[in-house]
Amino acid sequence: MALWMKAQQLQGPALHHVQALYGDSFPIEVRHFLASWIEDKMWADIDPDNPQHEQYISQFVESLIRELDEKIQTITAEDLFTTKLKLMEASSMFRQRFSHNPVSLFRILKNCLDNEMNLVKIAESQQSTGQGVNANGFLGIMDPPAVEIIQELDKLRSKTTKIGECVRRVEQEQESFAIQYHEFSKVSQAVQEFQSSSENTAIATPDFENELKYQKEALERALHQKINLIGTLHADLSKKLQDTIAPLASLQSRILDEELIKWKRDQQLSGNGRKFTSNLDNIQEWCESLAEIIWFNRQHIKEAERLKSIMVRFFRPDNDELPNLEAQITQLLSSLITSTFIIEKQPPQVMKTNTRFTASVRLLVGGKLNVHMTPPTVRATIISEAQAISLLKNGKVTSGEASGEIINNIGTMEYHQATKQLSVSYRSMSLKKIKRADKKGGTESVMDEKFSLLFSSHFTVGGGKLEFQVWTLSLPVVVIVHGNQEPHAWATVTWDNAFAELGRIPFVVPEKVPWCQIADALNTKFCDATGRSLTEDNLHFLAEKAFRAELKEYNSLLLSWSQFCKEPLPDRSFTFWEWFYAVMKLTREHLKGPWMDGHILGFIRKKRTEEMLAQCEYGTFLLRFSDSELGGITIAAVGENKEVVMLQPFTGKDFAIRSIADRISDLSHRLVYLYPDICKDQAFGKYYTPFSENQATAGNGYVKPFLVTHVPGWGGPSGPSIGTGSYPPTPQNMFHPQSPMDNSSIITESVASYSKGIGADFDYMEFGNLPSIEEDENLEKNLFYDTYDVMNKPPPSS
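Residues numbered from 1 in each chain as written. Predicted model: local features only at pLDDT ≥ 70, side-chain atom pairs only at ≥ 80, totals over all residues. Heavy atoms only, no water.

S.K.: Can you walk me through the packing of helix 6 (residues 81-98) against helix 8 (residues 144-196) in this structure?
M.R.: Each packed pair of helices is defined by two parameters, the angle between the axes and the distance between the axes. For the pair helix 6 and helix 8, interaxial distance at closest approach is 9 Å and the crossing angle is 55°. When the axes of helix 6 and helix 8 are compared, the pair comes out oblique. Residue-level contacts link Q96, R97 and F98 of helix 6 to S158, T161, K162, E165 and R168 of helix 8. When its residues are assigned to classes, the contact of helix 6 with helix 8 shows one nonpolar, three polar and four charged. (Axes fitted to C-alpha atoms, helices over the stretch in contact; angles between N-to-C directions. Helix = DSSP H or I, 4+ residues; strand = E, 2+ residues; numbered from the N terminus. Parallel < 35°, antiparallel > 145°, perpendicular 65-115°, else oblique. Contact = heavy atoms within 4.5 Å. Nonpolar A, V, L, I, M, F, W, Y, C, P; charged D, E, K, R; others polar.)

Right under this line is the structure:
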């Protein structure tokens, strides 16, 4: 199906966006009536910036106008009369504006078709994935501000085209003036020679003298009229430039200070897990259009100055604005280039020394300004917070000492023809060492210290006439040397990402923040890690834990950085953030499926758990995150006498041995219904580890044994059968007394307890080498008792 046919089938904001693409410079009626011809002749590999393609583009524009005229002649229907008039106006406009500058028309049309293609691709992609159009349009690029930007750019292109026409008119009039002035000079010289020569005076007639004088006066009057006309044209040109540069500056500010800054803010929030739909390609298109418009207007200003310098002998403007306008347009270009040097892919915000990491940097207007003709190199260095403050204050990069050493930190920007992007990717950078600042206070740790990666480069544009030094700072980075520093480092990064204000001094963040903002950050973080958002009850629980109090109204309360990750929770050795981070890590790595299914309540107090289960029947249970164990989750169940029993919390180490679903399956007769009344096999059955009686023999000839969870007093191998969906119970008589036991062991680990102080054991039986004494201080005692238990011998009395 043809592109224009697909574009007409778009709906809602996408269709409005197509309408906004076409304006005065290229009416949508021309696109409609010449759709097939345009798509047949517009070759994708024709680049308007390539001088070798200029001849084809010139022929294309000539053919376009001819084809349009022929189409006009075929329109005879009365109801298309107004459309025919519009097409006639378009044909006339194309001749006037673009006959001497066909590349501009080709560029306008190419930009429209590229945007059409993007819109159609997005629509087709969403249809294939079953996605609908959201309130903000297709993937966020079809929102009203985007449509307004497209329309403003189209108006500025049109104004720039008219300025170019005005410049050419001035040039033509000055060329005409030069010819007339040359004639006037010849006549003036003839009059002078006639009057000074006695011989000529003797033979000439008065009529001849009068004719020369009349001719001179007529030429002089014509020259004065031409000078006045040229002066008026120069004034009009200056006014047109002013009327263009003012809205151009306003639109550039909107794109850079709103759209690009918003993109950077969304990129920072994505570091906390916020969904990030990047519209950077659209922003690049806008910035490239700005660069093109700025560059053309700068050329027009310079040409106007050249033309005015030629006429300086004949008139002087009352107020020459051209030098000021040139300064303004050059400043706009400088601001555009320096602002569009951005980090497309941020380095890791928690950075471990001697660990490889990646990043990428992109210059949004590099391709349009042909920066890639002399590819610039980009250097990455790491600087401290104080150095970042100094850099922003001075506005330029100095050769001062960096705060660390990064290897593989220099790259050359490359231009990718397919994407029209000028970028550099660092694939194997590594921080070898870091130089830390002196600590400011007793409570500050190395995980509170923020650094930033500085990417810097310099290059020239316009044939070396304009030189630019560009740089950009990464998001704040916390440097660690050991994995146990990671939780606190992420606290620093999370707080900074969530609460950093625009235009701040690096890297200042508020000391206290309303809980509603913190709740949003925690919810975003947890949802990104685990796949499901926190509920209002979950957030209420977290608020009470963070504030260390029972609360009814809490959203407006301010939580301090110290309460968040410095001060230990009551009667605990860890902070609120450490507890939250450990729970999030446990859920992501071992509980994600059941959590996403909604089968883990998790964030619920022990007292509330007992109240909920007290009214339930025997065998009902729920899962709650432990208050006392970092990264722990406990099973709370209703016992035979309606008492609520809570097993000692399981941690990630336990689930690395046997999953939560298999453990619940093992305890078949004491864990029956997931609160309130869901059959546990229905809730967890799909996560059971499948079992077959015919277990394959390992490559080393051994048969692999299975681990089974057992709580004394809850039934076990000698009791009723444990669940059928997972592994069967471990045989009690697996080892015969006469069987050799070299290179094998039976390990028992105490991992459960009743809430009333009743002990419980989980029996794990496996082949393998015994762990060292350092790994289990009770190993000898456990092994002694377990060996007797497995061999069906009573243990010796203690």
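S.K.: Whenever I open this one, the sheet that holds strand 18 (residues 678-679) confuses me. Can you help?
M.R.: Adjacent strands of a sheet form backbone hydrogen bonds with each other and so pair up, either parallel or antiparallel. Pairing in this open sheet of five strands is mixed, and the strands run 16-15-14-17-18 from one edge to the other. Looking at strand neighbours, the two that pair on one side only are strand 16 (644-646) and strand 18, the edges of this open sheet. Summarising the sheet, strand 15 (residues 633-638) and strand 16 pair through three bridges and their orientation is antiparallel. When the bridges of strand 16 are listed, A636 appears paired with M646. The sheet strands contacting helix 20 (residues 606-613) are strand 14 (620-625), strand 15 and strand 16, and the helix crosses strand 14 at an angle near 165°. (Pairing = 2+ DSSP bridges.)

S.K.: What is the right way to look at the environment of F625 in this model?
M.R.: Following the sequence through the fold, F625 ends up in strand 14. Since its relative accessible area comes to 0%, F625 is described here as buried. Residues in contact with F625, not counting those within four places in the same chain, are W579, V583, T587, L591, I600, G602, F603, G632 and I633. (Buried < 20%, exposed > 50% of the residue type's maximum accessible area, 1.4 Å probe, protein only.)

S.K.: Quick question: what am I supposed to make of the sheet that holds strand 6 (residues 410-412) here?
M.R.: If you walk across this open sheet you meet the four strands as 6-4-9-10, and the pairing is antiparallel. Pairing within the sheet leaves two strands with one partner each, and these edge strands are strand 6 and strand 10 (466-473). Between one strand axis and the next, the sheet turns through 25° on average, direction left out of account. As paired strands, strand 4 (residues 377-384) and strand 6 are joined by three bridges and run antiparallel to one another. Each bridged residue has a counterpart across the sheet, and for R379 the counterpart in strand 6 is I410. This element, helix 12 (residues 322-339), spans strand 9 (451-461) and strand 10 of the sheet and lies at about 40° to strand 10.

S.K.: I would appreciate a short explanation of the pairing of strand 15 in the present structure.
M.R.: Strand residues, when the strand is regular, have side chains that alternate between the two faces of the sheet. Taken across its six residues, strand 15 has six buried, putting it largely inside the fold. Side chains I633, I635 and A637 of strand 15 all project onto a buried face; the interleaved residues T634, A636 and V638 project onto the opposite face, where all are buried too. The sheet contact formed by strand 14 and strand 15 spans five bridges and is antiparallel. Its bridge partner being in strand 15, L622 is matched across the sheet by A636. Between strand 15 and strand 16, which pair antiparallel in sequence order, lie five residues; one of them, K642, sits at a positive phi of approximately 70°.

S.K.: Can you walk me through the nonpolar core in this structure?
M.R.: Across soluble globular proteins, nonpolar side chains show a tendency to be buried alongside one another. One finds F26, I38, F94, M429, L453 and F455 to be the most contacted residues of the largest nonpolar core, which totals 111 residues. The element contributing the most residues to this core is helix 11 (residues 280-310), with eleven residues. Not counting residues within four places of it along the chain, the set of residues in contact with I38 comprises F26, V30, R31, L64, L109 and L113. Formed by 60 residues, the second largest nonpolar core is a distinct cluster that contains W577, L591, L671 and Y688. (Core = buried A, V, L, I, M, F, W, Y, C linked by side-chain atoms within 4.5 Å.)

S.K.: Explain the side chain of T609 to me, please; I cannot follow it from the model alone.
M.R.: Along the chain, T609 turns up in helix 20. Here T609 falls in the buried class, since its relative accessible area comes to 0%. Setting aside anything within four residues of it in sequence, one finds T609 in contact with I604, L622, R624, A636 and M646.

S.K.: Is there a simple way to explain the pairing of strand 4 in this structure?
M.R.: With six bridges joining them, strand 4 and strand 9 adopt antiparallel strand pairing. Bridge pairing links I383 to S452 in strand 9.

S.K.: Please clarify how unusual backbone geometry should be interpreted in this entry.
M.R.: Trans peptide bonds make up the majority, and among non-glycine residues the majority have a negative phi. The omega torsion across P506 and F507 is -15°, close enough to zero to call that bond cis. The residue after Y675, namely P676, is reached through a cis peptide bond having omega 5°. You can see P676 is positioned in the loop between strand 17 (673-674) and strand 18. Positive phi is not limited to glycine here, since N370 has a value of about 55°.

S.K.: Sorry if this is basic, but what is going on with helix 6 here?
M.R.: Note on helix geometry: an α-helix contains 3.6 residues per turn, so any two residues three or four positions apart are oriented the same way. Along its 18 residues, helix 6 runs 25 Å from first to last C-alpha, staying within 8% of the 26 Å computed at 1.5 Å per residue. By the burial criterion, the buried members of helix 6 are T83, L87, A90, S91, M93, F94, R97 and F98. Down the axis of helix 6, the smallest arc covering the buried residues is 170°, so these residues share one side. Opposite the packed face of helix 6, turned more than 90 degrees from it, sit the exposed residues F81, T82, E89 and Q96. (Expected span 1.5 Å × (residues − 1). Arc of directions from axis to C-beta.)

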